Amino acid sequence: MTKADLIEQVHDAIGPGVTKKDCAAVVNAFLNAVKHAVVEGKHIEIRGFGTFKVRKRRTRMARNPRTGDPVRVPERSVPVFKPSRLLREDVAASQENRG
């Protein structure tokens, strides 16, 4: 699904009273709010959907695939998403229905 598909679904859900341009503004504002909060290191919880947060990855040793030499990978922060129990159950149920 692309952002355009998401905007289309929001537009269809709201109905004819709102333009696609307005729906795009709402979707973009939401995504920007999530992005800025994660960049600032804030924890975002959307009940029934999941949690966005930043996690620190420790320094580790890896290997250069070409030479096999050890390479030090520095500590870094990465964004993570953890789906809620309800979302995981919905996904599992939909996979069971397909198979």
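What you are looking at is a predicted structure, and each value in this text was computed from that prediction instead of being measured.

> Is there a simple way to explain helix H1 (residues 3-14) in this structure?
Since one α-helical turn is 3.6 residues long, residues separated by three or four positions face the same way. Spanning 12 residues, H1 covers 17 Å between terminal C-alpha atoms, matching the ideal 16 Å at 1.5 Å per step. Of the residues flanking the end of H1, it is glycine 15, one or two places downstream, whose phi is positive at about 110°.

> It is not clear to me how a positive patch on the surface should be interpreted in this structure. Could you clarify?
A cluster of basic residues, Arg55, Arg57, Arg60, Arg76, Lys82 and Arg88, forms a positive patch on the protein surface. Those elements giving two or more residues to the positive patch turn out to be strand S2 (50-57) and strand S5 (76-83). Note on placement: arginine 88 falls in helix H3 (residues 85-98).

> Before we go on, may I ask you to explain the packing of H1 against helix H2 (residues 20-39) in this structure?
In a pair of packed helices, the angle between the axes and the distance between the axes together describe the arrangement. Their axes nearest at 9 Å, the elements H1 and H2 cross at an angle of 120°. Considering the angle they form, H1 stands oblique to H2. Relative to H2, the crossing made by H1 is right-handed. Side by side, H1 and H2 meet where Lys3, Leu6, Ile7, Glu8, Val10, His11 and Ile14 of the first sit next to Lys20, Cys23, Ala24, Val27, Asn28 and Leu31 of the second. Grouping the constituent residues of the contact of H1 with H2 by class yields 8 nonpolar, 2 polar and 3 charged.

Thresholds, definitions, all that
Residues numbered from 1 in each chain as written. Predicted model: local features only at pLDDT ≥ 70, side-chain atom pairs only at ≥ 80, totals over all residues. Heavy atoms only, no water. Helix = DSSP H or I, 4+ residues; strand = E, 2+ residues; numbered from the N terminus. Expected span 1.5 Å × (residues − 1). Patch = residues over 30% accessible without salt bridge, like charges linked within 9 Å, V, L, I, M, F, W, Y side chains within 5 Å. Areas by Shrake-Rupley, 256 points an atom, 1.4 Å probe, with all protein chains shown as cover. Salt bridge = Lys/Arg side-chain N within 4 Å of Asp/Glu carboxyl O. Lys, Arg positive; Asp, Glu negative; His and termini not counted. Charge placed at Lys NZ, Arg CZ, Asp CG, Glu CD. Axes fitted to C-alpha atoms, helices over the stretch in contact; angles between N-to-C directions. Parallel < 35°, antiparallel > 145°, perpendicular 65-115°, else oblique. Left-handed = near helix turned anticlockwise from the far one by under 90°. Contact = heavy atoms within 4.5 Å. Nonpolar A, V, L, I, M, F, W, Y, C, P; charged D, E, K, R; others polar.

Functional significance is not addressed by these values, which are geometric in nature.
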